[in-house]
Amino acid sequence: MSDIAFLEKVFSELAIDCEKISHPPLHTAVEADRLLLERPGTRLKNLFLRDNYGKRHFLLITSPNKQVDLKVLSKSQGLSRLGFASNERLAKYLAVKPGCVSMLALLNDAENAVQLLVDDAIWQSDLFHCHPFDNTQTWLMQKNDLLKVFEYSNHSVELVSL
């Protein structure tokens, strides 16, 4: 699995600085809610998905309180039925453990096998909460800095309506 030192090296190369918050391990948005942490920015739900054939993989970013209808999303994107990818696929494609997924994990996708889908309703924000390959920290990322990360990792943002 990738480590924070790798991420900090990339951030140094890209001249990215962000606020870093340490906390107990958080595996879900519900667990984060229980901590009642007050911090600026947009909290995120990160879903790692695969198509029905397991040939295409997607990282879907949305609001923690939004229910996602994968059947509707599949149809709107012209994809075979979407479902949740296994922990093995998560390790293979994004090199993180369950509960540690964020947009930053795209840095581990050297093969560019994972497509980033972002809920257009949240992309209006300028500051986002991201785990740095580890669910004991949250890094507050500016949208412009995330765009640098995506360019560096050869990924692009595809906005979707959920």
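Let me sum up the structure you'll find in this document. Everything quoted here is computed from the prediction, not taken from an experiment.

**Some remarks on the nonpolar core**
Piece 1. By size, the foremost hydrophobic cluster in this structure holds 36 residues, and its most contacted members are Phe 11, Leu 94, Met 103, Leu 104 and Met 141.
Piece 2. The element that contributes the greatest number of residues to this core is helix 1 (residues 4–13), accounting for 4 residues.
Piece 3. Those residues in contact with Leu 94 that lie beyond four places of it in its chain are Phe 48, Arg 89, Val 101, Ala 105, Leu 106, Asn 108, Asp 109 and Val 114.
Piece 4. Of all hydrophobic cores here, the second largest spans 10 residues; its members include Leu 73, Leu 79, Leu 117 and Val 160.

**Quick look at the sheet that holds strand 5 (residues 114–119)**
Piece 1. One open sheet accounts for 5 strands, arranged 4-2-3-5-8; its pairing is mixed. Strands at the two margins of the open sheet, each flanked by one partner only, are strand 4 (83–84) and strand 8 (157–160).
Piece 2. Strand direction decides the pairing type here: strand 3 (residues 57–62) and strand 5, joined by 5 bridges, are parallel. If you follow Ile 61 over to strand 5, its bridge partner there is Val 118.

**Observations concerning the pattern of salt bridges**
Piece 1. Counted according to the given criterion, the structure contains 4 salt bridges.
Piece 2. Of the charged contacts, one joins Lys 66 and Asp 119 as a salt bridge, the two residues approaching to 2.8 Å between their closest N and O atoms. With Lys 66 in the loop between strand 3 and helix 3 (70–77) and Asp 119 in strand 5, this residue pair connects regions lying 53 residues apart in the sequence.
Piece 3. Accessibility expressed as a relative area gives 22% for Lys 66, which makes it partly exposed.
Piece 4. Measuring nitrogen to oxygen at the nearest pair gives 3.5 Å for the salt bridge that ties Lys 148 to Asp 145. Taken together, the residues Lys 148 and Asp 145, both in helix 5 (residues 143–152) and 3 residues apart, mark about one turn of the helix.
Piece 5. For Lys 148, a relative accessible area of 32% translates into the label partly exposed.
Piece 6. On the basis of relative accessibility, which here comes to 11%, the residue Asp 145 falls in the buried class.

**Quick word on helix 4 (residues 87–94)**
Piece 1. Those residues of helix 4 that sit buried are Leu 90, Tyr 93 and Leu 94. Taken around the axis of helix 4, the buried residues stretch over an arc of 85 degrees, which confines them to a single face. Exposed and oriented more than 90 degrees from the buried face of helix 4 are Glu 88 and Lys 92.
Piece 2. In the core, the buried residues of helix 4 are packed alongside strand 2 (45–50), strand 3 and strand 5.
Piece 3. Ala 95 lies just past helix 4 and shows a positive phi near 55 degrees.

Conventions used here
Residues numbered from 1 in each chain as written. Predicted model: local features only at pLDDT ≥ 70, side-chain atom pairs only at ≥ 80, totals over all residues. Heavy atoms only, no water. Core = buried A, V, L, I, M, F, W, Y, C linked by side-chain atoms within 4.5 Å. Buried < 20%, exposed > 50% of the residue type's maximum accessible area, 1.4 Å probe, protein only. Helix = DSSP H or I, 4+ residues; strand = E, 2+ residues; numbered from the N terminus. Contact = heavy atoms within 4.5 Å. Pairing = 2+ DSSP bridges. Salt bridge = Lys/Arg side-chain N within 4 Å of Asp/Glu carboxyl O. Arc of directions from axis to C-beta.

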